[in-house]
Structure formats: structure tokens, C-alpha cells
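Summary of structural features
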Amino acid sequence: MKFPMIFLALPLALTIGVLQAAAAEDAGQIKVSKGAVQIERSGERMPAPVGSVVRQGDLVITGADGSVGITFRDNSLLSVGPDSVLSIDRFVFDSTTHQGAFESSLKQGTLAVVSGKLAKQSPEAMKVRTPAAILGVRGTEFLVRTGSKD
Amino acid sequence: MALLALTGCATRNDFYVLLPGKGPSPGALTVTSGNETHTLDQPYAAARVSRPGSVSGEKTSEAEVRQTFGPALAAQPARPVSFYLYFLQDTDEFAPESKQVVSQLFAEIARRPAPEIVVIGHTDRVGSVPYNDTLSLRRAERVRDELVKLGVPRARISVAGRGEREPEVPTADEVAEPRNRRVEINVR
């Protein structure tokens, strides 16, 4: 396969942003990050700019002006609004069979979900929890808000 | 603030909404709290949980959704897009139209923040499932190597072999079908 040299210009465009190798334990990557966004991993908090990886066990935390969008390895898209806490409880994805599990918990705040290959393969694969409810997902886009009443 | 949410369970302000989505059907969402389950299967069908164990259904609107979920919706990542390369029969060569596909692919990669490229091999149904798993992965790895030569950083590319599980044209087993012998390049 021979293509014009013009494509060699691409690496320049790709050096913008954080370059991180995709590792097996990575569940997803942050594609949108606005305002205060942090990842808490093993008790330590770190800022979460575009390009940061998200792993099973991570907490994704946004401040009053924060919002964040994450694309997972099965192409699920999760985005959270301000003052939110999202826990990535379990992420397992077999890229050959599309089997696995994606369980997350919105502890507080707002969440928008576009389900991906896991939910398409098996209706049981994706679960989203809140402190008061558990959601079952059959190939769909949906929104979640949770919090105690003021 | 997580602590607050965990301890303040007595009175909830929880709201769940099924969106129309981009597919032919909106799919479905079940909301279960305690012993109660409510199924949302129409666009903008919504459920409210005001205390644990109590789920009530209602209908919401795009305008109401924008008000409550505006920032979360605005932060949605761009949807992944797929490009397809086809193989000439019985050769290692790609079909001629593939060159144009590659230029579209590179434009898509350049446009995205922190782009990732997943190269996914697919086969037709000639041969066994394990054989086709191996063949599809090998095709994907070859395309990955070509992309690396063209300047895409290797660390941004992952490969997968879907074997014969996801035919573009459904066929009976052992049917040769060129349109199913393809490599999908998913950009996200």
C-alpha cells in the first residue's frame, strides 16, 4: 500500500495533548475536560486533563465548574457535569467476543451515557448504580441525576 | 461531597431519562430501587426516585433535559467513527478505493483530541472460528504496521480480531464473501 508523503505531516498534529500508551488495564481515556476535574486512584488525587487514562477502581470527580467526557474501550461514552462523583467499579472487555462487564456508580451529580459494544453484546453487561437505584441498560442513551434533596 | 451523598439517602432527588439516541430504536433502561422496577422504553420517558424503594414514571422534554443535564451533555466525547479497507481477493493488496479512505481517516485523526485508533480485522465465514480469529488479528496487525509507517504513533493504535462474528453481509457458514474480508479502523 503506497500513499502520498502528505500523510507524514500527521505526527505533528498528534504530538498535541498527552501521549499515553494504551495498556491492558486501561478502561478508557478522557476526551473532554473542563474546569476542575480530578481522578482519585489508590487514595491519591490527580488532575485529569484530556488524554488521561481512566482505570477500574478510579473515582472521577468534578468541581462546581467542572465537566468531563470519557470514551471507554468498548466505545461507551460517559460524561459527567459539575459537582459529580463517578466510580468506575468494574471494566472488563474482550475485543474479540465483546463479552465482559462495565459497572459504574454515580455517587452524586449528573451523568450522560451512550452505551457501547458491551451493552450491545449482552443486556446484562452494563450496570449503573446510584445510592438509591440500579439501572439496567439495553443498547441505549440515557441520563442520570442523583443527590439528596436540599 | 461523596460522603454527603452516601449518608443523605433518606430523601432523594434522583432523576433518570431515556434519550432518543441515534439508532433505529431508543433501546430501554430499567430503573430499580428496592423492590420496584420501572422500565423506560420511549424517548424522553423518565423516572424519579424520591426515596429508596419508590420509583415513579413521568415524561420529560428536550428543553427540561438541557436545563438539568446541559454541562454533562456538552462534555460528551465525539462519537467513534469507523473506516473500512477491503482486500482484493486472494492477494495481500488493498482495493484501490482504500487510498481515499486513508486520507479521510487521517483527517479524522487530526481533528480529534487525544485520538485513539483501533484496527479491527473481520473475515468471511470460510474456515473455523479459531482460524478466522487468528486470520482477522493478523490482517489487523498488518494494517496497523502500515499506519505506523505512514506516521501514526504506534502507542495510539490497538488491534483486535473479530473473526467471522460481525459480517457486513450475513451468509451461511463456509461462504466466501469479499465484503466480509475487511479491516475496520475505528477512530475515537
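Here is what the cut-offs are and how they apply
Residues numbered from 1 in each chain as written. Chains lettered and ligands numbered in written order. Predicted model: local features only at pLDDT ≥ 70, side-chain atom pairs only at ≥ 80, totals over all residues. Helix = DSSP H or I, 4+ residues; strand = E, 2+ residues; numbered from the N terminus. Rg over C-alpha atoms; globule rule 2.2 N^0.38 Å. Buried ≥ 20, exposed ≤ 12 C-beta atoms within 10 Å, placed from the backbone. Contact = placed C-beta atoms within 7 Å. Domains from an automatic or database assignment. Pairing = 2+ DSSP bridges. Nonpolar A, V, L, I, M, F, W, Y, C, P; charged D, E, K, R; others polar. Axes fitted to C-alpha atoms, helices over the stretch in contact; angles between N-to-C directions. pLDDT = per-residue confidence, 0-100.

So, the overall build of chain B
Assigned secondary structure in chain B consists of four helices and nine strands. Shown N-terminal to C-terminal, the secondary structure of chain B runs as helices and strands in the order α-β-β-β-β-β-α-β-α-β-α-β-β. For 188 residues, the compact-globule estimate of 2.2 N^0.38 gives 16 Å, and chain B exceeds it by more than 25% at 23 Å. Based on the C-alpha atoms only, the size of chain B along its principal axes is roughly 65 × 40 × 30 Å. Across the 188 residues of chain B, 40% fall into the buried class. Residue pairs at least 24 apart in sequence account for 56% of intrachain contacts in chain B once pairs closer than 6 positions are excluded.

A short note on the overall build of chain A
Counting its regular elements, chain A contains two helices and 12 strands. Its helices and strands taken in sequence order, chain A reads α-β-β-β-β-β-β-β-β-β-α-β-β-β from the N to the C terminus. At a minimum sequence separation of 6, the contacts of chain A that also span at least 24 residues come to 52%.

Section: the domain arrangement of chain B
One widely used convention gives an interface's size as the accessible area the parts lose upon coming together. According to the domain assignment, chain B contains domain 1 (2-74) and domain 2 (81-187). Just the C-alpha atoms count here: the centres of domain 1 of chain B and domain 2 of chain B sit 38 Å apart.

A word on the pairing of strand 2 (residues 28-33) of chain B
Consecutive side chains of a regular strand alternate in pointing toward one face of the sheet and then the other. Burial of the side chains of strand 2 of chain B is restricted to one face: Leu29, Val31 and Ser33 of chain B are buried, whereas none of Ala28, Thr30 and Thr32 of chain B on the reverse face is. Sheet topology note: the strand 11 (residues 134-138) of chain A/strand 2 of chain B ladder contains five bridges and is antiparallel. Directly across from arginine 138 of chain A, in strand 2 of chain B, lies its bridge partner alanine 28 of chain B. As judged from the five bridges shared by strand 2 of chain B and strand 3 (residues 36-40) of chain B, these two strands associate in the antiparallel manner. By the bridge assignment, threonine 32 of chain B is partnered in strand 3 of chain B with threonine 37 of chain B.

So, the interface of chain B and chain A
Each partner contributes to the interface: chain B provides 62 residues, whereas chain A provides 59 residues. At the level of secondary structure, the elements contributing two or more residues to the side of chain B that touches chain A comprise helix 1 (2-7), strand 1 (14-18), strand 2, helix 2 (62-74), helix 3 (98-111), helix 4 (129-149) and strand 8 (157-161) of chain B. The dominant element in the side of chain B that touches chain A, judged by the number of residues it contributes, is helix 2 of chain B, at seven residues. Its residues assigned to classes, the side of chain B that touches chain A comprises 39 nonpolar, 14 polar and nine charged.

Points about the sheet that holds strand 8 of chain B
Strand pairing in a sheet is mediated by backbone hydrogen bonds. Such pairs are either parallel or antiparallel. Residues and elements named next belong to chain B. Strand order in the open sheet formed by four strands is 6-9-7-8, with mixed pairing between adjacent strands. The open sheet is flanked by strand 6 (81-86) and strand 8, the only strands paired with a single partner. Recorded for the sheet is a direction-independent mean angle of 20 degrees between the axes of neighbouring strands. Bridge count between strand 7 (residues 117-122) and strand 9 (residues 182-187): six bridges; the pairing is antiparallel. If you follow histidine 122 over to strand 9, its bridge partner there is arginine 182. Against the sheet, helix 3 engages strand 6, strand 7 and strand 9, with an angle of about 155 degrees to strand 6.

Quick word on the confidence of the model for chain A
Residue and element names in this part refer to chain A. Across chain A, the average pLDDT comes to 88, with 83% of residues at 70 or higher. With pLDDT under 50 throughout, residues 1-9 is counted as low confidence; its partners more than four residues away or in other chains account for nine contacts. Segment residues 11-22: pLDDT under 50, and 22 contacts once partners within four positions in sequence are set aside and those in other chains are kept.

A short note on unusual backbone geometry
Positive phi, close to 70 degrees, is recorded for asparagine 75 of chain A, a residue that is not glycine. Along the chain, asparagine 75 of chain A turns up in the loop between strand 6 (67-72) and strand 7 (77-80).

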